[in-house]
Structure formats: C-alpha cells, structure tokens
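# Chain and residue survey
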Amino acid sequence: MLEKKPQNMGKGSVVVITAPSGAGKTTLAKKLLAEFEQLVFSVSATTRKPRAREVHGKDYYFFDRAEFEAHIAKGDFLEWEEFYNGSLYGTLRSDVENHIKNGYFVLFDVEVNGALNLKNVYGSSCLSVFIKPPSMQVLESRLRSRGTESEETLSLRLERAQMELQQAGVFDAIVVNDDFDLAYTAVRELIISFTGCSY
Ligand code: 5GP
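Residues numbered from 1 in each chain as written. Predicted model: local features only at pLDDT ≥ 70, side-chain atom pairs only at ≥ 80, totals over all residues. Heavy atoms only, no water.

### Focus on the packing of helix 5 (residues 136-146) against helix 6 (residues 151-165)
- Orientation of helix 5 relative to helix 6, taken along the N-to-C sense of each, is 145°, at an axis distance of 11 Å. Crossing hand, helix 5 versus helix 6: right-handed. Contacts from Met 136, Leu 139, Glu 140, Leu 143, Arg 144 and Arg 146 in helix 5 reach Glu 151, Leu 154, Arg 157, Leu 158, Ala 161, Gln 162 and Leu 165 in helix 6.
- Per-class residue counts for the contact of helix 5 with helix 6 are seven nonpolar, one polar and five charged. (Axes fitted to C-alpha atoms, helices over the stretch in contact; angles between N-to-C directions. Helix = DSSP H or I, 4+ residues; strand = E, 2+ residues; numbered from the N terminus. Left-handed = near helix turned anticlockwise from the far one by under 90°. Contact = heavy atoms within 4.5 Å. Nonpolar A, V, L, I, M, F, W, Y, C, P; charged D, E, K, R; others polar.)

The structure is reproduced here in structure tokens:
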C-alpha cells in the first residue's frame, strides 16, 4: 500500500479533473492517485445508489436525501449540484480543508458546474483540466459498455454532455481521451508543472 506524503504545507493547491460522464476522468484520477504520493482524493457525497464494488467513504459518501439536505442546510458543502433523475452530488468542505491543512494537494473528480464553482473558490491555486471524449459516438459506446445506465439515464447523461462540451474552453487545459496512456501522460505533465511534485 502506497504511503501518502504531504509536501504542500499551507499552500492549499487543488487539481480539478472534469469531463462529461463517461469520458474516463475517474479512471485517470485513480491512476494519478496511485502514482502521486502528495495527491489525495476529495471523496464526494451523493444520493445516488452505490454501484457494484463502490465503497462508502472511499468512492463516495452515500447519503440519503434527508442526510444530504441536512448538510446543505448546515453549509457543509463547498459546492453541490443536482442532476440525473434528481441525484445530488457535493463536496464536503471539512474533508478538503483537513487535507489542505495536512499539506496535501487535493484532487477533485467532478462534473462541469462543480468544477467551475471550485475554480471560483480556489482561483489561481486551482489547476482545472477538462477531459474531452474523442466524439459523442465514443462517449455513448463507453457509457453503454459500462452497463450501469438505463436508457433513460443514458440519454440524460448524453444530453448533459453536449452542454458540458461547450464549456471546455473555460478550463486551464483540455486533454482528449482517445488513447488512455497518451491522455494520462498529458494530465500527469500538467500536474507536475503545476504542483512541482514528482510522483
Ligand atoms: P457518477 O454518478 O457517474 O459517479 O457521477 C456523475 C457525475 O457527477 C460525474 O461527472 C462526477 O464527476 C460528478 N461528481 C462526482 N462528485 C461530485 C461533486 O462532489 N460535485 C459535483 N458537482 N459533481 C460531482
């Protein structure tokens, strides 16, 4: 098991990976976390049901709607969004603050609106990377092969993806995920030059 090593005392820098759902950002994020010892994952909260092999507290905090709304009411979220059949997704402020206080860089895997909100919060301390699928056809076939979507949620995700692709230009960098290894290398280089970390 890799031991995480803090190196970023007090700087509070964050890396946001964003993309339409199915573009491969979660796979990229997992590989980055396995390589970079100074990078820790911001575990989001959601009201959607866990998929097979997803673990509470590791992949997401799985809350019911009442729990999630109680956190909203208390102002516990740095940002949150509602989408796909009313599922809620959000970033818990306290987790992120603890990571930063402990000297880590924090990696976020969030959809486009959440990424824009995080960019507003962290400004120049935030590297935001948009992962672009090579085409809508490839995105659809990736979402289908994942086997986690009904026809209804699949078409909602594709509809949302069209809107998200139009926002790509506002992020610090765009990386096309056609070949995974090439996309990974590009994101890795961006992180190394932004954070000054090697892995
Ligand atoms: P999924 O249901 O496929 O795990 O996630 C759906 C979308 O929600 C993905 O694009 C994912 O990156 C995004 N997401 C996950 N956590 C958060 C969060 O805390 N805030 C926001 N705004 N989006 C999130």
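That covers the picture; the talk isn't over yet.
### A few points about unusual backbone geometry
- The residue Arg 53 is not glycine, and still its phi comes out positive at about 75°.
- Structurally, Arg 53 is set in the loop between strand 3 (44-46) and strand 4 (60-62).
- Relative accessible area serves as the criterion here: at 80%, Arg 53 is assigned to the exposed category. (Buried < 20%, exposed > 50% of the residue type's maximum accessible area, 1.4 Å probe, protein only.)

### Observations regarding the packing of aromatic side chains
- Here the structure, examined in full by the defined rule, presents eight aromatic pairs.
- When the centroid spacing of 4.7 Å and the interplanar angle of 20° are considered together, the rings of Phe 83 and Tyr 89 count as stacked. In this pair, the class of Phe 83 matches that of Tyr 89, namely buried.
- Among the aromatic residues, ring-to-ring pairing joins Tyr 60, Phe 62, Phe 83 and Tyr 89 into one connected group.
- Over the face of the ring belonging to Tyr 184 we find Lys 31, whose NZ or CZ atom lies 4.7 Å from the ring centre.
- In this structure, Arg 160 is placed above the aromatic ring of Phe 83, and the distance from its NZ or CZ to the ring centre is 4.1 Å. (Phe/Tyr/Trp six-rings, centres within 6.5 Å; stacked < 30°, edge-to-face > 60°. Lys NZ or Arg CZ within 6 Å of the ring centre and 35° of its normal.)

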